[in-house]
Amino acid sequence: MNRFSSSRRQFLKEASNAGVACSAAALVPSVARGFAAKSPVQAASAAGTTAAARVYVDTRRTIAPLDRNLFGSFLEHLGRAIYEGIYDPGSKLSDANGFRKDVLNEIHQLGVPIIRYPGGNFVSGYNWLDGVGPKQSRPRQLDKAWDTIESNQFGTNEFLSWCKAVGTEPLMGLNLGTGTPEEAAALVEYCNVEKGTRWSDLRRQHGIADPYKVQHWCLGNEMDGPWQIGHMSATEYGLKAADAARQMRYVDPSLKLIACGSSGPFMRTYLEWDREVLEQCYDYVDGLSLHRYFGNNERDSGGDTPKYLALNLSMERQIAETVAVCDLVRGHKRSPKKLWLSFDEWNVWYRTTGGDAVDGHRQEAPHLLEEVYNLEDALLVGGLINSLLRNADRVKLACLAQLVNVIAPIMTDANGLFRQTIYYPYSWALQFARGAVLNLLVESSTYEVSGLDQVGHVDVAGSLDHGDGKLSLFILNRDLSKAHDVEVVWEDAAPSRVLSATLLTGDDLKASNSFAAPQRIAPQSFKTPAASGGRTKFEVPARSYAVIQWSL
Ligand code: AHR
């Protein structure tokens, strides 16, 4: 039986029958209501018209400094993410450590700043001790979350050494399902204490003299979900997280700790879970997690692409609601501390959510969650990036879930890799979003989506590195049939030149990449925008996501 899918799917079905599932559509905010200063569309032209969109840029007006961890990612012991993905000792493409060199180079070039590991649902049944020490002594386990055989040939030391080779930071997940706070603190001691204690000396026995100094830790995973191994009530989890945090900080006071928030707005306990958890552990943690997966399906969009492309606005609503709960508890506690949010799982995921796609049938490295992404998915991922940027004042860390083979931008086989459509907007965020996030004023025509308020055709976010004067705009055109004129009004400082202009578009929203056709959806260069009189005008094609970078 497929444990994960049947229980999670069953859970969603029951919730929706009982009328408690919050469809993503129901969460899309009205453009008119907007979200105060962060609304992507502050003023709308008349509905149905396609007047030029206008973007007002004032380089003195920023939302927040951009934390690079906003564009992290995630690798779980799931399917072929680790085995056959980043680690494949038998492969001609691997180095002496068994690390796939092509994948390592790809992730190094992307510049992913932080990577969450080892799960996900996997972590809630994982004993980290099974994955350290001599490889021949490590047990072959049944991973009950994904019904998969886990060989434990890749564990904490392999991951942390892989992170060094890639040039990324680890975001370590802890087992607060079957695991205890004592085991969590022992892992911190193993990773971060130099020597002279039981667990630091065990690491040294394992051949690693220097401590890793891992900073960021997740206190469990989706503990509100009945599908989670070790699922418990919010108060029980809050107490356990507080205890784990206290013990971990005795070992290393410098840690940054993230409590498990709600698994998403579809949960019956959405927000109540977060409040009850924080009532117990607010003082001991630094951040709270959010998760969200979107689909162009019955549940989220009704299969309606214009609605699908607006779903990034419901991510913003989820962020606003979760921030409100954090600040409510802060008020109750009269705490000087403001929590930040860790959106540590977000992506499109809706095709591979059941049946064999989520059941490993007790095989090693089975093909699980191998979602094939198309153009419209990439456009929504672009919108989700815009939403994360606009909320950079409270969301300090976020992870595209996941990175390799499992709901991933990078897919591998024995001979190489290819880039899925969603790779491109993610890579542009990593390359071009720098410095501070701009607080833009955007005007756009809007369109009506059934059951929703007016949604802007054009959604824009931007960043500026005050150090080198590089300014980038990220522009989603949700209009499926019409190109839109965009006029940028430079309110205080006009750019001297365009550094680059790239976009993703195409005639077929359902087109995707594959090993046979890896370039079907690929970046295209974009007509260089002209500037005159403090304004820049250009056109964004229908169904497109673009990034333009200027030098001020
Ligand atoms: O990313 C895939 C799964 O989605 C993760 O294991 C879990 O945390 C979430 O439900």
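Note that the structure is a prediction, hence the values are computed from the model and not measured.

1. Side note on the site of the ligand
Then, number 1: Near the ligand lie 13 residues; those nearest to it are Glu-76, Asn-121, Glu-222, Tyr-293 and Glu-345.
Then, number 2: Here an oxygen atom of the ligand and a side-chain polar atom of Glu-76 are 2.7 Å apart.
Then, number 3: In this structure, Gln-402 approaches the ligand through a side-chain N or O atom, which is 3.0 Å from an oxygen atom.
Then, number 4: Tallied by class, the residues present in the shell around the ligand amount to five nonpolar, four polar and four charged.

2. What about the sheet that holds strand β24 (residues 524-525)?
Then, number 1: Overall, antiparallel pairing links the seven strands, which are arranged β3-β16-β20-β21-β27-β23-β24 in an open sheet. Bordering the open sheet on either side are β3 (62-65) and β24, each of which pairs with just one other strand.
Then, number 2: As paired strands, strand β21 (residues 470-477) and strand β27 (residues 544-551) are joined by eight bridges and run antiparallel to one another. Each residue of the ladder has a partner; that of Leu-473, found in β27, is Ile-548.
Then, number 3: Here helix α11 (residues 375-390) sits on the sheet and contacts β3, β16 (436-438), β20 (458-465), β21, β23 (497-504) and β27; the angle it forms with β20, its principal contact strand, is near 50°.

3. Description of the packing of aromatic side chains
Then, number 1: The full count for this structure, using the stated rule, is 19 aromatic pairs.
Then, number 2: Considering the side-chain rings of Trp-128 and Tyr-190, the 5.1 Å spacing of their centres and the 55° angle between planes classify their relative orientation as tilted. Here the residue Trp-128 occupies a position in the loop between β5 (114-117) and β6 (141-143), and Tyr-190 occupies one in helix α5 (residues 181-192), the gap between them amounting to 62 residues.
Then, number 3: Exposure remark for Trp-128: the relative accessible area of 7% places this residue in the buried category.
Then, number 4: A residue is classified by how much of its surface remains accessible, and Tyr-190, at 0% relative accessible area, is buried.
Then, number 5: Seen in terms of ring centroids, Tyr-293 and Trp-349 are 4.8 Å apart; in terms of plane orientation they differ by 85°. Their pairing is edge-to-face. Linking Tyr-293 in strand β11 (residues 287-294) with Trp-349 in the loop between β12 (340-348) and α11, this pair joins segments that are 56 residues apart in sequence.

4. Notes on the packing of α5 against helix α6 (residues 198-205)
Then, number 1: α6 packs onto α5 with a crossing angle of 50° between their chain directions and a minimal axis gap of 7 Å. By the angle class used here, α5 and α6 are oblique. Along this stretch, α5 crosses α6, giving a crossing that reads as right-handed. Residues Ala-186, Glu-189, Tyr-190, Cys-191 and Asn-192 of α5 pack against Arg-198, Trp-199, Ser-200, Leu-202 and Arg-203 of α6.
Then, number 2: Its residues assigned to classes, the contact of α5 with α6 shows five nonpolar, two polar and three charged.

5. A look at the pattern of salt bridges
Opposite charge on two side chains permits them to pair, given that their charged atoms come into close proximity.
Then, number 1: If you walk through the whole model with that rule in mind, you get 32 salt bridges.
Then, number 2: Across the salt bridge formed by Arg-249 and Asp-286, the nearest N and O atoms sit 3.0 Å from each other. Of the two residues, Arg-249 sits in helix α7 (residues 234-251) while Asp-286 sits in the loop between α8 (272-281) and β11, which places them 37 residues apart along the sequence.
Then, number 3: Several salt bridges share partner residues, and in doing so they unite Arg-54, Glu-443, Glu-487, Arg-535 and Lys-537 into one network.

6. Structural notes on unusual backbone geometry
Then, number 1: Omega for the peptide link from Gly-119 to Gly-120 comes to 20°, which places this bond in the cis form.
Then, number 2: Of note, Gly-120 is situated in the loop between β5 and β6.
Then, number 3: Omega for the peptide link from Ala-401 to Gln-402 comes to 0°, which places this bond in the cis form.
Then, number 4: Within the secondary structure layout, Gln-402 lies in the loop between β13 (395-400) and β14 (410-413).
Then, number 5: Phi angles above zero are rare outside glycine, and Asp-147 is one such case at about 50°.

7. A word on the environment of Leu-255
Then, number 1: Along the chain, Leu-255 turns up in the loop between α7 and β10 (256-259).
Then, number 2: In this structure Leu-255 comes out as buried when scored by relative accessible area, which is 1%.
Then, number 3: In sequence terms Leu-255 and Lys-213 are 42 residues apart; their C-alpha atoms lie 8.9 Å from each other.

8. Here's the deal with the pairing of β21
Then, number 1: Taking burial as the measure, the eight residues of β21 include seven buried ones, the bulk of the element.
Then, number 2: In this sheet, β21 lies alongside β20 in antiparallel orientation, the contact comprising eight bridges. The residue bridging Ala-461 from the neighbouring strand is Phe-474, located in β21.
Then, number 3: Counting the residues between successive antiparallel strands, the hairpin from β20 to β21 contains four residues, one of them, Gly-469, with a positive phi of roughly 75°.

Definitions and cut-offs
- Residues numbered from 1 in each chain as written.
- Predicted model: local features only at pLDDT ≥ 70, side-chain atom pairs only at ≥ 80, totals over all residues.
- Heavy atoms only, no water.
- Near = heavy atom within 4 Å.
- Polar contact = N/O pair within 3.5 Å; in protein donor to acceptor, adjacent residues only side chain to side chain.
- Nonpolar A, V, L, I, M, F, W, Y, C, P; charged D, E, K, R; others polar.
- Pairing = 2+ DSSP bridges.
- Helix = DSSP H or I, 4+ residues; strand = E, 2+ residues; numbered from the N terminus.
- Contact = heavy atoms within 4.5 Å.
- Axes fitted to C-alpha atoms, helices over the stretch in contact; angles between N-to-C directions.
- Phe/Tyr/Trp six-rings, centres within 6.5 Å; stacked < 30°, edge-to-face > 60°.
- Buried < 20%, exposed > 50% of the residue type's maximum accessible area, 1.4 Å probe, protein only.
- Parallel < 35°, antiparallel > 145°, perpendicular 65-115°, else oblique.
- Left-handed = near helix turned anticlockwise from the far one by under 90°.
- Salt bridge = Lys/Arg side-chain N within 4 Å of Asp/Glu carboxyl O.

These results come straight from atomic positions and should not be treated as a statement about function.
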